[in-house]
Amino acid sequence: MSDTPYFKHHVFFCMNTRDDGRESCGPRGAEQAQKHAKKRCKQLDINGAGNVRINQAGCLDRCEHGPVLVVYPEGTWYTYVDTSDIDEIIDSHLVNGQPVERLKIK
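Residues numbered from 1 in each chain as written. Predicted model: local features only at pLDDT ≥ 70, side-chain atom pairs only at ≥ 80, totals over all residues. Heavy atoms only, no water.

Topic: the overall build of the protein
Then step 1. The secondary structure content of the protein amounts to two helices and five strands.
Then step 2. Listed N to C, the secondary structure of the protein is β-α-β-β-β-α-β in terms of helices and strands.
Then step 3. Rg of the C-alpha trace for the protein: 13 Å, near the compact-globule value of 13 Å for 106 residues, within the 12% margin.
Then step 4. Along the three orthogonal principal directions, the C-alpha set of the protein runs to about 45 × 35 × 25 Å.
Then step 5. By the burial criterion, 42% of the 106 residues in the protein qualify as buried.
Then step 6. Considering only contacts within the protein whose residues lie at least 6 apart along the sequence, 62% involve residues at least 24 apart.
Then step 7. Split by element, the accessible area of the protein, about 6200 Å² in all, is 47% carbon and sulfur.
Then step 8. The centroid of the 14 positive side-chain charges in the protein is displaced by 3 Å from the centroid of its 15 negative side-chain charges. (Helix = DSSP H or I, 4+ residues; strand = E, 2+ residues; numbered from the N terminus. Rg over C-alpha atoms; globule rule 2.2 N^0.38 Å. Buried < 20%, exposed > 50% of the residue type's maximum accessible area, 1.4 Å probe, protein only. Contact = heavy atoms within 4.5 Å. Areas by Shrake-Rupley, 256 points an atom, 1.4 Å probe, with all protein chains shown as cover. Lys, Arg positive; Asp, Glu negative; His and termini not counted. Charge placed at Lys NZ, Arg CZ, Asp CG, Glu CD.)

The following block contains the structure:
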């Protein structure tokens, strides 16, 4: 068995919608952002085995910072406002290996 991860980066977008009135990522543009990231990674030809996988996730339990996504294997958590933030995460972190400090959450 190989120690090499199947994906260089695996990105999970929280898509959660809470029914109890608390903040959640779903209603704050998560689906649009996830679809944009998936399309952009395909355009850059960085998707697939050995590269980047963009996924939807259920609750990641960080909606108060949301909308949120997490990049593995690093475990880097981000918030974002719009597709330009998503593009910056893709260009800086996924392509060039440099986390986007201004969008990181602890």
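Anyway, onward from the coordinates.
Things to note about the nonpolar core
Then step 1. Formed by 27 residues in total, the largest nonpolar core has its most connected members in Val-11, Phe-13, Leu-69 and Ile-86.
Then step 2. Counting residues per element, the ones that place at least two in this core are β1 (9–14), α1 (30–43), β2 (52–57), β3 (68–72), β4 (76–79) and α2 (83–95).
Then step 3. Those residues in contact with Ile-86 that lie beyond four places of it in its chain are Phe-13, Ala-33, His-36, Ala-37, Leu-69 and Tyr-80. (Core = buried A, V, L, I, M, F, W, Y, C linked by side-chain atoms within 4.5 Å.)

Quick look at the side chain of Thr-76
Then step 1. Its location among the elements puts Thr-76 in strand β4.
Then step 2. With a relative accessible area of 10%, Thr-76 lands in the buried category.
Then step 3. Apart from residues no more than four positions distant in its own chain, Thr-76 is found in contact with Leu-69, Val-70, Val-71, His-93 and Lys-104.

Some remarks on α1
Then step 1. In this model, α1 (14 residues) spans 20 Å end to end at C-alpha, consistent with the 20 Å of a helix rising 1.5 Å per residue.
Then step 2. For α1, the complete set of buried residues consists of Ala-30, Ala-33, Gln-34, Ala-37, Arg-40 and Cys-41. Seen end-on, α1 carries its buried residues on one side only, within an arc spanning 130°. Seen from the open side of α1, the exposed residues pointing more than 90 degrees away from its buried face are Gln-32, Lys-39 and Gln-43.
Then step 3. Buried residues along α1 sit in contact with β1, β2 and α2.
Then step 4. Directly beyond the C-terminal end of α1, a positive phi value near 60° is found at Asp-45. (Expected span 1.5 Å × (residues − 1). Arc of directions from axis to C-beta.)

Observations concerning the sheet that holds β1
Then step 1. Taken in spatial order, the five strands make up an open sheet running β2-β1-β3-β4-β5, and their pairing is mixed. Edge positions in the sheet fall to β2 and β5 (104–105), since each of these pairs with one other strand and no more.
Then step 2. Strands β1 and β2 of the sheet are contacted by α1, whose axis makes an angle of about 165° with β2. (Pairing = 2+ DSSP bridges. Axes fitted to C-alpha atoms, helices over the stretch in contact; angles between N-to-C directions.)

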